[in-house]
Amino acid sequence: MTNPQSLRHEGLYSSWDMSCGASHNGYGYTSPRNTVVEAAKTMEGSMVLQRFLDEGNHVLRQQIFKGILANLFEVMTNEFAHHLFRKLLEDCESRELQTIVFTLCSHDHLFVESEIRNLIKKLKRHYVVQHVLTLKEENISRAICIRLERHYMHLAQRMGGSHVVENCMKSSEFGMESVVRTLLQREKALLHLASDKFGNYVVQKALEVTKQDNKKLYESLVMVLITKKPSLSGNVIGRHVVNMIKRLEDNNV
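Thresholds, definitions, all that
- Residues numbered from 1 in each chain as written.
- Predicted model: local features only at pLDDT ≥ 70, side-chain atom pairs only at ≥ 80, totals over all residues.
- Heavy atoms only, no water.
- Helix = DSSP H or I, 4+ residues; strand = E, 2+ residues; numbered from the N terminus.
- Buried < 20%, exposed > 50% of the residue type's maximum accessible area, 1.4 Å probe, protein only.
- Contact = heavy atoms within 4.5 Å.
- Areas by Shrake-Rupley, 256 points an atom, 1.4 Å probe, with all protein chains shown as cover.
- Expected span 1.5 Å × (residues − 1).
- Phe/Tyr/Trp six-rings, centres within 6.5 Å; stacked < 30°, edge-to-face > 60°.
- Lys NZ or Arg CZ within 6 Å of the ring centre and 35° of its normal.
- Axes fitted to C-alpha atoms, helices over the stretch in contact; angles between N-to-C directions.
- Parallel < 35°, antiparallel > 145°, perpendicular 65-115°, else oblique.
- Salt bridge = Lys/Arg side-chain N within 4 Å of Asp/Glu carboxyl O.
- pLDDT = per-residue confidence, 0-100.
- Polar contact = N/O pair within 3.5 Å; in protein donor to acceptor, adjacent residues only side chain to side chain.

Novice: Explain the overall build of the chain to me, using residue names and the numbers behind them.
Specialist: Scanning the chain from N- to C-terminus turns up 18 helices and two strands. Burial analysis of the chain (253 residues in total) assigns 48% to the buried set. Within the chain, counting contacts between residues at least 6 apart in sequence, those at least 24 apart form 69% of the total. Looking at the chain as shown, the accessible area adds up to about 12600 Å², and 50% of this sits on carbon and sulfur atoms.

Novice: Explain helix 15 (residues 199–213) residue by residue, including any values.
Specialist: Over its 15 residues, helix 15 extends 21 Å from the first C-alpha to the last, a length consistent with the 21 Å expected when each residue adds 1.5 Å. Buried residues dominate helix 15, accounting for eleven of its 15 residues. Along helix 15, the residues that are buried comprise Gly199, Asn200, Val202, Val203, Gln204, Lys205, Ala206, Leu207, Val209, Thr210 and Lys211.

Novice: Please give an account of the packing of aromatic side chains that cites residues and values.
Specialist: Scanning the entire structure with this criterion turns up zero aromatic pairs. Taking NZ or CZ as reference, arginine 142 lies 4.2 Å from the ring centre of phenylalanine 174, over its face.

Novice: Provide a residue-level description of the packing of helix 13 (residues 173–185) against helix 14 (residues 187–194), including the pertinent values.
Specialist: Two elements in contact, helix 13 and helix 14, have axes separated by 5 Å at closest approach and are oriented at 105 degrees. Here helix 13 lies roughly perpendicular to helix 14, going by the angle between them. Counted together, Leu183, Leu184 and Gln185 of helix 13 and Glu187, Leu190 and Leu193 of helix 14 form the full contact between these two elements.

Novice: Hey, could you go over the environment of threonine 103 for me, with residue numbers and the actual values?
Specialist: By the element assignment, threonine 103 lies in helix 7 (residues 94–105). Placed 30 residues apart in sequence, threonine 103 and phenylalanine 73 show a C-alpha to C-alpha distance of 9.9 Å. Excluding anything up to four places from it in sequence, threonine 103 contacts Leu69, Leu72 and Phe73.

Novice: Please provide a residue-by-residue account of the pattern of salt bridges, values included.
Specialist: Tallying each qualifying case throughout the model produces four salt bridges. The partner of lysine 205 in a salt bridge is glutamate 208, and the shortest N-O contact between them spans 3.4 Å. Here glutamate 208 and lysine 205 lie together in helix 15, a separation of three residues that amounts to about one turn. With a relative accessible area of 32%, glutamate 208 lands in the partly exposed category.

Novice: Can you explain the confidence of the model for the chain? Please cite residues and give values.
Specialist: The predicted model of the chain has a mean per-residue pLDDT of 77, with 72% of residues at 70 or higher. In this model, residues 8–33 is a region of pLDDT below 50 whose contacts with residues beyond four sequence positions or in other chains number 49 contacts. For residues 111–124, every residue scores under 50 in pLDDT, and the model assigns this stretch 25 contacts once sequence neighbours within four places are set aside.

Novice: Describe the side chain of glutamate 96, and please don't skip the residues or the numbers.
Specialist: Following the sequence through the fold, glutamate 96 ends up in helix 7. A polar contact of 2.8 Å, which involves the side chain of glutamate 96, links it to the side chain of arginine 61. In terms of polar contacts, glutamate 96 uses its side chain to reach the side chain of glutamine 62, at 3.0 Å. In contact with glutamate 96, other than residues within four places in its own chain, are Arg61, Gln62, Phe65 and Asp91.

Quick look at the structure:
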C-alpha cells in the first residue's frame, strides 16, 4: 500500500507538474497533467487521496480539488479516480459545488455527444448534477436548468438522464416550470415520453409536482395526455401515466 507520507515527500500536492506538458483529455480541450490525477487513477493512489480528505487538511484538500477540477472529465470517467471525486463531493462547500457545476455546464453538449454514451450509462456525470440539484440552491439550480433546457427531451429517454430531469423539477420552482413548459411546447414528444421506459417517470414526476405546486401547468399536462388516453392505456408503460393521473385526481394530492 502506498504510504501517505511518501506521497507528500514525492511532491504529490505541490504545484502543477508542468514538466509533463499539456495533455488532451479527449473532450475538446487541453489541461495540465498533475500528480493528483495520476495518483487518483490508480487503486492505491485513489484510496490514499481519499484518506487525505478524511484528515481534514485544508491545504491538501484544496490541491486535490484544483487537481480534479483541471481534469474533471478524465477523473469522472476513470475506474479509480471517480471514487475520489465522489468522496470530494460529499464534503464540498457551496462555492466549490457551484464551480464544479459551472465547469460541467460550460460543456453541456457532452451530455448528448455519442462518444460519451458509455459515460451516460455509468451515470458518473449525472450523479454529480443530481447531487447538486438535491441541495436546492436556487442560483445553482437555475444555472443548471438554463444549460440543460434544450436537452431535456433527450435526457428524459436515458436512464441517468431521466433522473437529472426529475431532479431539475424538484430543485426549484424555476426548474419545475422550465421542464414542464418544455414538455408542453412539444406535445408529440411529451406523448412519446409517456410511453418511454425512462421518459414515463419524468412525465409522472411532472404531474406530481405540478399538481402540488402549479395547478395551471398540471391541468395543461393532463389536457394533452388525456387526448391519447386510449393509446396510453393500451400500452404497458403508458398505463403508468394514466394511473398516476387517476391517483392524483382520486386522492386530490
